[in-house]
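So the chains spell out like this:
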Amino acid sequence: MKSVKMDIPNCEDCQNKGGVFSCLSKPDKTILGEDKGNNFYKKGQVIFYEGNHPHGLYCIYNGKVKISKLGDEGKEQIVRISGNADTLGYRSLLCNEPYKATATAIEDSYICYLSKKKFFELLESNNTLCLNTIQLLARELRQSEQQLVDITQKSVRERIAEVLMQLKTKFGVKPDGVTLDIRLTRREIGDMAGVTTETTIRTLSDLNKEGIIHISGKDLQILRPDELHRIANIED
Amino acid sequence: MKLEIETLLREYGAREKKFDRGSVIYSSESGVEGIYYLVSGKIRIDNSRVRDKKEVLIWLLGSGSFFGISSYYNGYEACSYITTVISESATILLISREEFIHLLKEHKIMRDFIISLLYRRLDYIEQRRSYGPRVSFRKKLIDALVFLCPSHRPPEEAFTGKPFKIAVTLTELCSMISTTRKQLVTEIDNLINKRIIERDGDGITVRNYPKLMELE
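Because the structure is predicted, anything quoted here is derived from the model rather than measured.

Chemist: Go over the domain arrangement of chain A with me, naming the residues and quoting the values.
Modeler: Residues and elements named next belong to chain A. Assigned domains of chain A: these are domain 1 (2–143) and domain 2 (154–232). A straight line from the C-alpha centre of domain 1 to that of domain 2 covers 27 Å. When the buried surface of domain 1 facing domain 2 is broken down by residue, K64, I78 and I81 rank first, second and third, together holding 48% of it. K66 is the salt-bridge partner of E188, the closest N and O atoms lying 3.3 Å from each other.

Chemist: I'd like a description of the confidence of the model for chain B, backed by residues and values.
Modeler: In the predicted model, chain B carries a mean pLDDT of 86, and the fraction of residues at 70 or more is 92%. Across the predicted assembly, pTM comes out at 0.86 and ipTM at 0.88.

Chemist: Please set out the pairing of strand β5 (residues 65–70) of chain A residue by residue, giving values where relevant.
Modeler: Residues and elements named next belong to chain A. Among the 6 residues in β5, 5 count as buried, and that is most of the element. Where β5 meets strand β6 (residues 76–82), 6 bridges bridge the pair, whose relative direction is antiparallel. Opposite K66, over in β6, you have I81 as the bridge partner. Sheet topology places β5 next to strand β8 (residues 102–105); 4 bridges connect them, and they run antiparallel. The partner of V65 across the bridge, within β8, is A105.

Chemist: How would you explain the sheet that holds strand β1 (residues 15–20) of chain B if you had to name every residue and give the values?
Modeler: Whether parallel or antiparallel, the strands of a sheet pair through hydrogen bonds between backbone atoms. All names here are of chain B. One open sheet holds the 4 strands; their spatial order is β1-β8-β3-β6, and the pairing between them is antiparallel. At either end of the open sheet lies a strand with only one pairing partner, and these are β1 and β6 (65–67). Neighbour-to-neighbour, the strand axes of this sheet turn through a mean angle of 30°, independent of strand direction. Of the pairings in the sheet, the one linking strand β3 (residues 35–40) to strand β8 (residues 89–95) comprises 5 bridges and is antiparallel in character. Bridge assignment links Y36 to a residue of β8, and that residue is L94. This element, helix α1 (residues 2–11), spans β1, β3, β6 and β8 of the sheet and lies at about 135° to β3.

Chemist: Account for the packing of helix α6 (residues 186–193) of chain A against helix α7 (residues 197–209) of chain A, with residues named and values stated.
Modeler: Residues and elements named next belong to chain A. Between α6 and α7, the shortest axis-to-axis distance is 8 Å and the interhelical angle comes to 100°. One finds that α6 runs roughly perpendicular with respect to α7. In this structure, α6 contributes R186, R187, I189 and G190 to the contact, and α7 contributes T197, T200, I201 and L204. Of the residues that constitute the contact of α6 with α7, the class distribution is 3 nonpolar, 3 polar and 2 charged.

Chemist: Provide a residue-level description of the interface of chain A and chain B, including the pertinent values.
Modeler: In this assembly, 43 residues from chain A lie in contact with 44 residues from chain B. Here chain A meets chain B over a buried area of about 4,300 Å², counting both sides, of which 56% is carbon and sulfur. Run the count over chain A and chain B and you get 5 salt bridges. When the shortest N-O distance is used, the salt bridge between E124 of chain A and K108 of chain B registers 3.6 Å. Where chain A meets chain B, there are 10 residue pairs in polar contact (both at pLDDT 80 or more). Those elements that provide at least two residues to the side of chain A that touches chain B are β6, α2 (90–95), α4 (127–153) and α5 (156–171) of chain A.

Chemist: Outline unusual backbone geometry, listing residues and values.
Modeler: Residue and element names in this part refer to chain B. With phi around 50°, S178 is a residue other than glycine that occupies positive phi space. Checked against the element boundaries, S178 lands in the loop between α6 (170–177) and α7 (181–193). Of the residues examined, S178 reaches a relative accessible area of 64% and is grouped as exposed. Although it is not a glycine, R195 sits at a positive phi angle of roughly 60°.

Criteria and cut-off values
Residues numbered from 1 in each chain as written. Chains lettered and ligands numbered in written order. Predicted model: local features only at pLDDT ≥ 70, side-chain atom pairs only at ≥ 80, totals over all residues. Heavy atoms only, no water. Domains from an automatic or database assignment. Buried area = accessible area lost by both parts, 1.4 Å probe. Salt bridge = Lys/Arg side-chain N within 4 Å of Asp/Glu carboxyl O. pLDDT = per-residue confidence, 0-100. Buried < 20%, exposed > 50% of the residue type's maximum accessible area, 1.4 Å probe, protein only. Helix = DSSP H or I, 4+ residues; strand = E, 2+ residues; numbered from the N terminus. Pairing = 2+ DSSP bridges. Axes fitted to C-alpha atoms, helices over the stretch in contact; angles between N-to-C directions. Contact = heavy atoms within 4.5 Å. Parallel < 35°, antiparallel > 145°, perpendicular 65-115°, else oblique. Nonpolar A, V, L, I, M, F, W, Y, C, P; charged D, E, K, R; others polar. Polar contact = N/O pair within 3.5 Å; in protein donor to acceptor, adjacent residues only side chain to side chain.

Here it is as structure tokens:
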């Protein structure tokens, strides 16, 4: 980890929306930001390892982080990809247990480190933050339940299509309107879908040939999102 | 703790409802009415997210469990779950979302309980998602046994080698870890021979939890 002086605003001036701390008032955000550290992680750097004990909380200011578990035979299983305003490691911190997953930057990322003491002080005093945290847990649980069902019920093609649609929803597209604003390897896409790398490559190639997506190196363009949505068999 | 939770829920207006074996507590047709707490009995929650496909067992829950949280707390009244009673009967307390939020705001004990419960369920389901084709059957069984403990974790005394009981039938375990009865019985007998667990009509007694975890 490298500490770099950078132009990251204080918590009360942070423009990132939608995170668990967005409910806090400015004075509370000021308290949260006391003892805050700002860190830069190069692509590939690990923020925390599965099995280590948490001492604070991480909040992504700008960047993308994959959360992964080590499955059987040492195979990595991606649980999710986190982006701006997402908090990392909060679950283990709340329950005072070792991290259940590893967090790794998948692009150069600026991540704030928040003090465990300040976080718990605010949780005690701010009901809305506590409820927001519970809501976040409940939402993640629902998503995980649905992913478990998908792995069991959906075909490989449906799962890959669904992952692409989820990435589009979460990270959006670049100014050209079609290129996903996240670059993942074929293996990482496959991990998210619970599919082998070889099958992922084959499926992406098929979708490419059908003109539904266009692959250019690691850039992936979604040319026909309606068709991809249909293939993914996503319930609205 | 269980009694405290029940008392609090009733204070905040939770209604008691009773169901017989086979009854559906909620489904995609009825929707989720609020947040549920299982006072007694056992339920299974299946999910049929993809239309016309077989349901997938998500949870087996015993008394002292909340359910419906992941759907209702975030405002999803429609859901793709089907929740069925699998014991002779079940008694539940149903609380509205608004009252549940009040309860959480005013009682730390409840907040802490819910956070711990959601954490452990998330942990278990992410474990299940990470199972590859070559995951050991024993690992799936041990993960399931731990999850089936009240509050989804072994009691404190387990860590000192004291025995504790898990109320689960072989049929339920088979569903939980998607296996045949034959394979399950073979592994259970294996663990019984090693004096790590015992089995009777009511469930499984874990005699030596530290040893069980070593086998994982």
